Amino acid sequence: MQSWLQKYWDYLKIERQVSPYTLLNYQHQLDKICLIFQRNGISNWQGITPSTVRFLLAESSKEGLHEKSLALRLSALRRFLSYLVQQGELKVNPAVGISPPKQQKRLPKNMDIEQVQLLLANDSKEPIDLRDKAIMELFYSSGLRLSELQGLNINSLNFRSRELRVLGKGNKERVVPFGRYASQAIQQWLKVRLLFNPKDEALFVSQLGNRMAARSIQKRLEVWGVRQGLNSHLNPHKLRHSFATHMLENSSDLRAVQELLGHSNLSTTQIYTHLDFQHLAKVYDLAHPRAKRKK
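Residues numbered from 1 in each chain as written. Predicted model: local features only at pLDDT ≥ 70, side-chain atom pairs only at ≥ 80, totals over all residues. Heavy atoms only, no water.

Draft legend 1. Layout of the packing of helix H1 (residues 2–16) against helix H2 (residues 20–39). The contact between H1 and H2 brings their axes to 11 Å, and the two run at 165°. When the interaxial angle is binned, H1 and H2 end up roughly antiparallel. Helix-helix and strand crossings are classified by hand; for H1 and H2 the assignment is right-handed. For the pair H1 and H2, the contacting residues are Gln2, Leu5, Tyr8, Trp9, Leu12 and Lys13 in the first and Leu23, Tyr26, Gln27, Leu30 and Cys34 in the second. Here the residues of the contact of H1 with H2 sort into 8 nonpolar, 2 polar and 1 charged. (Axes fitted to C-alpha atoms, helices over the stretch in contact; angles between N-to-C directions. Helix = DSSP H or I, 4+ residues; strand = E, 2+ residues; numbered from the N terminus. Parallel < 35°, antiparallel > 145°, perpendicular 65-115°, else oblique. Left-handed = near helix turned anticlockwise from the far one by under 90°. Contact = heavy atoms within 4.5 Å. Nonpolar A, V, L, I, M, F, W, Y, C, P; charged D, E, K, R; others polar.)

What follows is the structure, given as structure tokens:
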């Protein structure tokens, strides 16, 4: 079994030129798979059947692997077996057609309004702080994805109508509003932006004048989370989710929030936005004809 694995590593490194990180992940998963197979008397790849693959998933689950890790392990095995088919070592891939356990959709955590106010309560006039505040205000004001904010140019914004054009998933353009606080923060940033000697029309630039990289934006938010004393990790997605949750709690308009977030399906918005039961009960009491009480 190991001889074919070594050939596979060489194939991934030389022909596929996968990253060292990806290669390490594949090696880790396939080493674990080999251990399980060998413990159960399976000593060659020709002995793998669909039943064996299902047995592997069951054993991995007993070891404590969650749904996401099981899917990763199955994917690693499926890709390797496809390679063996390609090399003529196997006639068919026994892992094809076997689905991993369904992954539970976990709701991302949002910040409450007090936490958002704490985060944005900063009056520093340092240019880099003005830039970062504009970034955070815009994330929370418009519910942007990280890639959408990173791709903004100066001409993406219309301050008169307080609207901005963003390029979302699937290269779909949409227009979203931004609020008064975000408008003020961005205009404060634009007054000092030229100090960074920007090399293009990117709205947010690094200290070297280049468009900020996505990872740089994430790191700056992490810094601000610690700096402002938040008790949880701060990232762009958390601000986007907080925007969606607070909008829905105050408007109960799921369709509008769907449009603002740029979701193709309403079910995606329902995953992003969770309401506490008291709020749902209040909406129910106000809206359902048979729930309304007589005055």
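Draft legend 2. Up close: helix H3 (residues 50–62). For H3, which comprises 13 residues, the first-to-last C-alpha distance of 19 Å matches the rise-based estimate of 18 Å (1.5 Å per residue) to within 8%. Those residues of H3 lying buried are Thr52, Val53, Leu56, Leu57, Glu59 and Ser60. Along the axis of H3, the buried positions cluster into a sector of 165°, meaning they face one direction only. In this structure, H3 carries Ser51 and Lys62 as exposed residues pointing more than 90 degrees from its buried face. Among the structural elements, H2 and helix H4 (67–86) are those in contact with the buried residues of H3. A positive backbone phi angle near 105° is found at Gly64, which sits one or two residues after H3. (Expected span 1.5 Å × (residues − 1). Buried < 20%, exposed > 50% of the residue type's maximum accessible area, 1.4 Å probe, protein only. Arc of directions from axis to C-beta.)

Draft legend 3. Spatial organisation of the layout of surface pockets. For the largest pocket, the calculated volume is near 420 Å³. Taken together, 19 residues line the largest pocket, and the ones lying closest to its centre are Val116, Glu137, Tyr140, Ser141 and Tyr181. For the lining of the largest pocket, the elements supplying multiple residues, two or more each, are helix H5 (113–120), helix H6 (127–142), helix H8 (180–192) and helix H10 (236–251). Tallied by class, the residues present in the lining of the largest pocket amount to 11 nonpolar, 6 polar and 2 charged. (1 Å grid on protein atoms, 1.4 Å probe; cavity = no way out; pocket = protein on both sides within 12 Å on 5 of 7 lines; lining within 4 Å. Points joined across faces, edges and corners; volume = space filled by probe spheres on them.)

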